[in-house]
Structure formats: C-alpha cells, structure tokens
Amino acid sequence: MKVLIVGSGGREHAIATSVAKSPKVDKIYCAPGNAGIAALAECVPIGAMEFDKLVTFSKEKSIDLVIVGMDDPLVGGLVDALEAAGIRAFGPRKNAAILEGSKAFSKDLMKKYNIPTAAYENFDDAEAAKEYLKTKAEFPIVLKADGLALGKGVLICNTLEEALAGVDTIMTDKKFGSAGNRMVIEEFMTGREVSVLSYVDGKTIKIMSSAQDHKRAKDGDQGLNTGGMGNFSPSPFYTAEVDAFCRKYIYQPTVDAMAAEGRPFKGVIFFGLMLTPKGPRVLEYNARFGDPEAQVVLPRMKNDMIDVVNACIDGTLDQVDLQFEDNAAVCVVLASDGYPVKYEKGFPITGLEAFEGKEDYFCFHAGTKFDADGRIVTNGGRVLGITALGRDLKEARAKAYEATEWVQFDNKYMRHDIGKAIDEA
Ligand code: AMP
Ligand code: GLY
C-alpha cells in the first residue's frame, strides 16, 4: 500500500510511526511533514489546505489511503474532495467534522441528545450576549469562539467586566477571526480533565486508552494556554466507573446522534472530558487525534493501525478487537522559549541519534526542518515531543525526563511537572 499522511506535527509523526509498522505498507508520503517524519516518509511540499494539489498528487502516485491528521483540512472538507476523486481517505467528512468545527453545533447536539455537558447559550450578536451576561450569568463564566481558534478561543471570566470585554474580544474585535462570528457562553465547571480518543466507523465506536494533557505553558498550570506541553496515558483518574458512565451516556450516544442527524462520523473522535463532582461532562469534541495525545496513545496500541483505519472506512469496526499494551507512556514537549507568544526559530538540534534503536523511547518531531546545509533545526513553538514507555506511569515519566536531556538546541524550554498528578492518584 501507498499511504499519504496530511499534516506536519508531532501527531503526524506518531501516526507515521504506527503506519510504518504495518507490513501492509510499502511507501509513506507526508504533506508537508517535517524533518523527523522524513526518516519514515517522503515529505512533499504541499500544504494541508491545498486540496487540489493533494488530490492531484494522490492520483499521480496512486495513493491507496490518505490519513488526515489535522483539524483545519477536515473541517474544510478535504475528505470530501479526496472521496469525490475516488481516493480512499480516513477522517470525517465536512458535515461530520463540524463536531469540532462549530462549538455551537456540538453544544446543540449534546442538548438535543441529552449528552452531559455544561449548561450554555449560543449567541450570534454581541449585544444579546452582553444582555445575557448582565441579567442571567453567574461567575466565573466561560466564553468560547464558535469556530477553530488553535485551541485559544476559550476565555474564562471571573467578573461581569471581564466577560463584557471578552465578548468584544471574540465578537467585535474578532481576535480569533471568523471563529468569533458566533459564540457560546457556558457554565464554568471544575474537576480533572481527561482526554479519550476513539475510532468510529459511522455506527460503532472503539475507545482507545485515556490520556491527560497539560495545556498551560508553565509549571503548576501557570501561563497561557498552548497546544499542549506534555501528557501521559493512561489517566489513573479514568476509573472503570467513569468509563462505564461515559460509554453509556457520552460515547455511543454521540455516534448515534451524529448518525441520526444525517452526519455519520467516520474517523477519530477526541472527547475532552471534565470529571466534575456531578460526574463526567463533555468539555469539547475534536474530530481527530490529539496532539500530543497521539504521541502517548498510539505507541501503546497493539493493533496494526492500517487494519483499524480500514475498518473505520468500511464500517466493520465491530469486528476489530482494539487492544492496548498494559503499560504507560509519558510525553514531554520540548518547546522554543517564549512559546506560545513569541519565539525564535532556526537553531540546530543535536543528540537526536540517541533515540535510534531504542524501542521504549520516541522523539516525535513537531516543529523541525532541514536548513540549507541539511542540518535539522527548530522550526516552531513546539519542537519535539519526547515520549517514553514504562511498566507504569512513574517509570515512564522518569524515562521521558531522562531522555529530554539527550537533545539540545538553543532556547530549549519544557515544563518540569508533566505527570505530577500521577503522585496524587
Ligand atoms: P476547550 O478548547 O473547549 O477544550 O477549552 C480549553 C480549556 O478551557 C479546557 O481544556 C478547560 O481547561 C477550559 N474550559 C473549557 N470549558 C470549560 C468550562 N465549561 N468550565 C471550566 N473550564 C473550561
Ligand atoms: N492536545 C489537545 C488537542 O490536540 O486539541
């Protein structure tokens, strides 16, 4: 098989690593990829939003399967464009990727089908939103831009003044662009956050192992929200009781709701959950693997990823016995100092060869590229994701932090408390 992976981050490197293990795969391409993915795949300089070029390339190379890693092309309809050209693709169509693409849609879906989530109202008018805040709201309160905003379109406001300013930020000043044409105002919830990834074939859902992300830039969950500074899998807080509740009230009901709406979902649903004192609630849905969730979940998956992906596309997921190793993984992100605001790029990265031939350690590239001299250099805010496997979370964490010392680059920055919650379990 020839497989094309669309995307350029650590998630796509983790996907490529899993795909490369399949004996069914002869050749992997990645568009546009990065310097780490280039060790497994031929990287082609086509952007993830260049649908026409991706379709033409897939036809020219007789690609058997396209795996779309990123949210923007999914929400924009890349899978529809590929399918229209007769190319097999993994990921939701546009009408299903809206589960991530519009928070107002996903909130309405949850309300209609009684899927537990925070109470909310949708607004497409700033004045109406402000009126609601002045008359009906309790604080703190959460404001969310409707559309994709790189995980940054959520404002938690402690006072009415902050919330009124937040409405202007989202809807009037359009800080998150057209994502702020509509917004959701929702109840503030408290509890631990857990990420659960799943494979879905339109009707059947198979749950992967759980994970826990660290979204803030600095130790102690201080600093700005980022794409994710590290994580671990499984989450010790995702108990059998939580799992049973979510299977009954959240996972299958979401898949059934999408099918009932005429939007059958095929691909990966990422459930962002909050374990509140009243039980698990959905914080958000994503229509793809998480980044860096993929970097801790996929290395633990026993199945041939191609078999699972094919079953999702063919609607035969009920016949797949999805299995994970009885171990644990921790990923620590090595970022460029200053991320997520302002940071320099182009610094050479040394020590990468230390990962060669080590089965328990992975160095997933996120923002890297080859410079004119062929050296691997930093090329983004999140540069590398260092993942280690261990018999348990503590061992995996110790190994991951040990491996963060193997690589060096100027302005290397990481959190030192990834997986601290393990000690509280
Ligand atoms: P989201 O992009 O919806 O996952 O939101 C980003 C982050 O904002 C989440 O990971 C939570 O930490 C926080 N958040 C979102 N919604 C709520 C809520 N209703 N109550 C409390 N925190 C929230
Ligand atoms: N790590 C969170 C996300 O991928 O959205």
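K.L.:
Please explain the site of ligand 1 as it appears in this structure.
P.N.:
Near ligand 1 you find 13 residues, and of these Glu 186, Glu 187, Met 189, Glu 193 and Glu 284 are the closest. In this structure, Lys 144 approaches ligand 1 through a side-chain N or O atom, which is 3.1 Å from a nitrogen atom. Within the contact set of ligand 1, a nitrogen atom lies 2.8 Å away from a backbone nitrogen or oxygen of Met 189. Protein contacts shield 92% of the accessible area of ligand 1, which totals 470 Å² for the unbound molecule. Among the secondary structure elements, those contributing two or more residues to the shell around ligand 1 are β7 (141-145), β8 (154-157), β9 (183-187) and β16 (279-286).

K.L.:
Just checking my understanding: could you explain helix α5 (residues 94-101) for this structure?
P.N.:
In an α-helix, one turn spans 3.6 residues; hence positions three or four apart end up facing the same way. Three or more residues of α5 are buried, namely Ala 96, Ala 97, Leu 99, Glu 100 and Gly 101. Looking at the buried positions of α5, the neighbouring elements they touch are α3 (71-76), α6 (103-112), α9 (240-260), β15 (266-276) and β16.

K.L.:
Hey, could you run me through the sheet that holds strand β2 (residues 27-32) in this one?
P.N.:
Neighbouring strands of a sheet are bound in pairs by backbone hydrogen bonds; such pairs are parallel or else antiparallel. Strand order in the open sheet formed by five strands is β3-β2-β1-β4-β5, and the pairing between neighbours is parallel. Each having just a single partner strand, β3 (42-43) and β5 (89-90) make up the two edges of the open sheet. As paired elements, strand β1 (residues 2-7) and β2 share six bridges and run parallel to each other. Of the residues in β2, the one forming a bridge with Val 3 is Ile 28.

K.L.:
So what exactly am I meant to see when it comes to the site of ligand 2 here?
P.N.:
Close to ligand 2 lie Asp 213, Gly 227, Phe 270, Asn 286, Arg 288, Gly 290, Asp 291, Pro 292 and Glu 293, which account for all nearby residues. Here an oxygen atom of ligand 2 sits 2.9 Å away from a polar atom, N or O, in the main chain of Asp 291. In this structure, a nitrogen atom belonging to ligand 2 sits 2.8 Å away from a side-chain N or O atom of Glu 293. Of the residues belonging to the shell around ligand 2, the class tally is two nonpolar, three polar and four charged.

K.L.:
Quick question: what am I supposed to make of the pairing of strand β14 (residues 230-233) here?
P.N.:
Note on strand geometry: in a regular strand, side chains alternate between the two faces of the sheet. Because side chains alternate across β14, one face comprises the buried residues Gly 230 and Phe 232, and the other comprises Asn 231 and Ser 233, equally buried. Sheet analysis places strand β11 (residues 205-213) next to β14, joined by two bridges and oriented antiparallel. Residue pairing in the sheet places Asp 213 in a bridge with Asn 231 of β14. Bridge count for β14 against strand β17 (residues 328-336) is four bridges, and the pairing is antiparallel. In the strand pairing of β17, Ser 233 is matched with Ala 329.

K.L.:
Sorry if this is basic, but what is going on with the packing of α5 against α6 here?
P.N.:
Each packed pair of helices is defined by two parameters, the angle between the axes and the distance between the axes. Running from amino to carboxyl end, α5 crosses α6 at an angle of 95°, the nearest separation of the two axes being 6 Å. On the basis of the axis angle, α5 is roughly perpendicular to α6. Here α5 contributes Ile 98, Leu 99 and Gly 101 to the contact with α6, which in turn contributes Lys 103, Phe 105, Ser 106 and Leu 109. A per-class count over the contact of α5 with α6 returns four nonpolar, two polar and one charged.

K.L.:
Quick question: what am I supposed to make of the nonpolar core here?
P.N.:
The tendency in soluble globular proteins is for nonpolar side chains to be buried side by side. Membership of the largest hydrophobic core comes to 76 residues, with the highest contact counts inside it found for Leu 4, Val 66, Tyr 251, Phe 271, Leu 273 and Leu 384. Looking at this core, the element that brings in the most residues is α9, giving seven residues. Those residues in contact with Leu 384 that lie beyond four places of it in its chain are Val 332, Val 333, Leu 334, Ile 349, Leu 352, Cys 363, Phe 364, His 365, Ala 366, Thr 368, Val 407 and Phe 409. With 42 residues, the next largest nonpolar core counts Leu 197, Ala 311, Ile 313 and Val 320 among its residues.

K.L.:
How should I be thinking about unusual backbone geometry in this particular structure?
P.N.:
Most peptide bonds adopt trans geometry, and most residues besides glycine take a negative phi value. Cis peptide bonds are those with omega within 30 degrees of zero, and the linkage from Phe 139 to Pro 140 qualifies with -5°. The omega angle of the peptide bond from Asp 291 to Pro 292 is 20°, so this bond is cis rather than trans. Counting through the fold element by element, Pro 292 comes out in the loop between β16 and α10 (293-297). Even without being a glycine, Ser 62 presents a positive backbone phi close to 50°. Mapped onto the elements, Ser 62 comes out in the loop between α2 (51-60) and β4 (65-68). With relative accessibility at 46%, the residue Ser 62 sits in the partly exposed group.

K.L.:
Teacher, can you tell me more about the sheet that holds β9 here?
P.N.:
Here we have four strands laid out as an open sheet, ordered β6-β9-β7-β8, and antiparallel in their pairing. At either end of the open sheet lies a strand with only one pairing partner, and these are β6 (120-123) and β8. Adjacent strand axes in the sheet meet at a mean angle of 20° when their direction is disregarded. Across the face of the sheet, α6 comes into contact with β6, β7 and β9 while running at roughly 140° to β6.

K.L.:
So what exactly am I meant to see when it comes to the pattern of salt bridges here?
P.N.:
Side chains that carry opposite charge are capable of pairing whenever their charged atoms lie near each other. Counted by the stated rule, this structure contains 24 salt bridges. For Glu 42, the salt bridge identified is with Lys 27, shortest N-O distance 2.7 Å. Of the two residues, Glu 42 sits in strand β3 while Lys 27 sits in strand β2, which places them 15 residues apart along the sequence. Overall, the relative accessible area of 36% leaves Glu 42 in the partly exposed class. Counted as one network, the salt bridges with shared partners bring together Lys 24, Asp 304 and Asp 307.

Rules and cut-offs
Residues numbered from 1 in each chain as written. Chains lettered and ligands numbered in written order. Predicted model: local features only at pLDDT ≥ 70, side-chain atom pairs only at ≥ 80, totals over all residues. Heavy atoms only, no water. Near = heavy atom within 4 Å. Polar contact = N/O pair within 3.5 Å; in protein donor to acceptor, adjacent residues only side chain to side chain. Areas by Shrake-Rupley, 256 points an atom, 1.4 Å probe, with all protein chains shown as cover. Helix = DSSP H or I, 4+ residues; strand = E, 2+ residues; numbered from the N terminus. Buried < 20%, exposed > 50% of the residue type's maximum accessible area, 1.4 Å probe, protein only. Contact = heavy atoms within 4.5 Å. Pairing = 2+ DSSP bridges. Nonpolar A, V, L, I, M, F, W, Y, C, P; charged D, E, K, R; others polar. Axes fitted to C-alpha atoms, helices over the stretch in contact; angles between N-to-C directions. Parallel < 35°, antiparallel > 145°, perpendicular 65-115°, else oblique. Core = buried A, V, L, I, M, F, W, Y, C linked by side-chain atoms within 4.5 Å. Salt bridge = Lys/Arg side-chain N within 4 Å of Asp/Glu carboxyl O.

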